[in-house]
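What the coordinates show
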Amino acid sequence: MPYRIAFSLIRGMGIELARQFLDVIPDEQTFFTMSEEELCAITGSKNKILEWQYRQGILEKAKRELDFIDKNDISTTYFTDSDYPKRLLQCVDAPLMLFGKGYANLDSQHVISIVGTRHATIYGKGVIEEMIKGISQIFPDTVVVSGLAYGVDIAAHQAAVSNKLSTVAVLAHGLNTIYPAQHRSFAISMIKDSGMLLTDYTSQDVIHRANFLARNRIVAGLSDCTIVVESAVKGGAMVTASLAMEYNRDVFAVPGRTTDPYSAGCNTLIRRNKAALYTDVDALVEAMRWEVPQDTVKKAVDASLFPDITPDEEPIYNYILNNGTVHINTIRSATGIAMHELMSKLVDMEFRGVIKSMPGSFYSL
């Protein structure tokens with residue numbers, strides 16, 4: 001084990017280079033026990049990473065890390081292991097070693113990444129809650145991936161937990177700490193409830209600003225699609241979207257008002273045809289060509305054929321049914337129902353689960 005950890009810590013060691021080394025040497029242990037002259041002769045090159053002193057320094061770091069792993073019940077997944085995430089293994093810059101705390105099925109049939117600004121609005125959080133609630137009802141095996149940061153990230157993790165979905169937080173540092181510290185208590189509870197903390201950094205690595213951009217390749221690489229909820233034109237979420245595109249993964253963006261700075265990035269992605277327009281869960285499922293279980297279809301049909309509504313609620317129900325997500329003012333105009341009476345009916349219908357309210361006085365079935 002220490003030799004694999006050490007091999008993964010070598011500067012510039014990616015999966016392709018690792019495979020090239022392992023084609024000419026028996027195993028990782030041999031890499032650290034051979035002399036510099038022997039390695040240079042076998043590989044046909046002379047590089048700093050082959051120097052004896054450098055290799056021994058890396059090996060010592062790996063042995064210290066192994067002590068941390070054993071004491072803290074950390075899981076390790078090497079790129080040649082059968083349980084290394086299959087989607088991530090397809091990415092050219094995937095890490096050799098992953099360190100994890102908790103558990104999530106990283107090869108689940110449905111894995112989505114949700115990313116966005118640290119300054120998430122009520123609108124953005126509402127979209128996340130509605131999205132994850134809808135997905136959980138159709139595909140309860142879905143794994144939600146994000147980065148545990150403020151705003152969109154933490155909202156995605158929290159929505160996943162509240163809707164009983166597994167969630168993975170990809171960290172930009174080792175598992176000896178949690179950043180931001182305010183999310184520590186949630187992270188602890190998350191890993192006890194079908195959640196996982198995942199990183200390619202050791203407990204000895206210093207937290208650096210560049211780490212947060214580097215970890216985005218894992219966020220994008222683990223999933224079938226990346227959904228940008230809110231983002232400025234520049235930011236980590238936009239980097240993640242670009243990486244997802246490079247990996248030939250689907251990218252979706254939630255549209256926003258042209259005057260909202262944290263919708264500018266999403267609107268730009270859509271305008272430049274770099275992301276598909278996210279409108280609702282049904283459209284997402286259709287775009288991803290995910291096969292909806294027949295029992296879910298039947299429940300949806302039964303609910304639409306026999307809604308729990310009274311005759312005077314029918315105009316409200318039918319208007320929302322035909323128009324999707326609508327504002328309370330448009331419902332009032334279309335039905336002619338007085339506002340105070342309409343609000344009372346909407347509350348009753350929401351309480352019975354016929355409709356659901358969204359931020360900004362919007363309603364949908």
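Concerning the overall build of the protein chain
- Regarding its fold elements, the protein chain presents 18 helices and twelve strands.
- Across its three principal axes, the protein chain shows a C-alpha extent of roughly 85 × 35 × 35 Å.
- Among the 365 residues that make up the protein chain, the fraction classed as buried is 48%.
- Across the protein chain, the fraction of contacts at a sequence separation of at least 24, relative to all contacts at a separation of at least 6, is 68%.
- For the protein chain, the computed accessible surface area is about 17,900 Å², with 52% contributed by carbon and sulfur atoms.
- With 35 positive and 42 negative side-chain charges, the protein chain shows a separation of 6 Å between the mean positions of the two kinds.

Examining the sheet that holds strand β12 (residues 362–364)
- Across the sheet, three strands lie side by side as β10-β12-β11; this open sheet has antiparallel pairing. Each edge of the sheet is formed by a strand with only one pairing partner; in this case those strands are β10 (326–327) and β11 (356–358).
- As defined by bridge partners, β10 adjoins β12 across two bridges and the pair is classed as antiparallel. Bridged to His327 within β12 is Phe362.

Points about helix α9 (residues 184–191)
- Taken residue by residue, α9 has Phe186, Ala187 and Met190 as its buried positions. Around the axis of α9, the buried residues are gathered within 100 degrees of arc, so they sit on the same side.
- Structurally, α9 contributes buried residues whose contacts are with α8 (152–162), β5 (166–170) and β6 (195–199).

What to know about the environment of Ser203
- Examined against the element boundaries, Ser203 turns out to sit in the loop between β6 and α10 (209–214).
- Owing to a relative accessible area of 17%, Ser203 belongs among the buried residues under this scheme.
- Once the C-alpha coordinates of Ser203 and Val239 are considered, the two residues, 36 residues apart in sequence, prove to be 25 Å apart.
- Ser203 has contacts with Glu65, Phe68, Gly174 and Asn176, leaving out every residue within four places of it along the chain.
- One polar contact links Ser203 to Glu65, side chain to side chain, over a distance of 2.8 Å.

Describing the sheet that holds β5
- As summarised here, the arrangement of the nine strands in space is β1-β2-β6-β5-β4-β3-β7-β8-β9, forming an open sheet in which the pairing is mixed. Single-partner strands in this sheet number two, and they are β1 (75–78) and β9 (276–277).
- Pairing geometry for β1 and strand β2 (residues 97–102), over four bridges, is antiparallel. Opposite Tyr78, over in β2, you have Met97 as the bridge partner.
- Helix-sheet contacts for α9 involve β2, β5 and β6, and the interaxial angle to β6 is about 115 degrees.
- Contacts from helix α13 (residues 264–271) reach β7 (225–228), β8 (250–253) and β9 within the one sheet, and its direction differs from that of β8 by about 130 degrees.

Regarding helix α1 (residues 2–9)
- Counting buried positions over the eight residues of α1 gives six, a clear majority of the element.
- If you check which residues of α1 are buried, you get Pro2, Ile5, Ala6, Phe7, Ser8 and Leu9.

Comments concerning the pairing of β5
- Counted residue by residue, β5 has five buried out of five residues, so it is predominantly covered.
- Side chains of β5 alternate between two faces, with Ser166, Val168 and Val170 and Thr167 and Ala169 buried alike.
- The pairing of strand β4 (residues 143–146) with β5 spans four bridges and is parallel. Within the sheet, the bridge partner assigned to Val145 lies in β5 and is Val168.
- Of the crossover connections in this fold, the one passing from β4 over α8 to the parallel β5 is right-handed.
- Pairing of β5 with β6, which is carried by four bridges, proceeds in the parallel orientation.

Cut-offs applied
- Residues numbered from 1 in each chain as written.
- Predicted model: local features only at pLDDT ≥ 70, side-chain atom pairs only at ≥ 80, totals over all residues.
- Heavy atoms only, no water.
- Helix = DSSP H or I, 4+ residues; strand = E, 2+ residues; numbered from the N terminus.
- Buried < 20%, exposed > 50% of the residue type's maximum accessible area, 1.4 Å probe, protein only.
- Contact = heavy atoms within 4.5 Å.
- Areas by Shrake-Rupley, 256 points an atom, 1.4 Å probe, with all protein chains shown as cover.
- Lys, Arg positive; Asp, Glu negative; His and termini not counted.
- Charge placed at Lys NZ, Arg CZ, Asp CG, Glu CD.
- Pairing = 2+ DSSP bridges.
- Arc of directions from axis to C-beta.
- Polar contact = N/O pair within 3.5 Å; in protein donor to acceptor, adjacent residues only side chain to side chain.
- Axes fitted to C-alpha atoms, helices over the stretch in contact; angles between N-to-C directions.
- Right-handed = clockwise from strand over helix to strand, strands pointing away.

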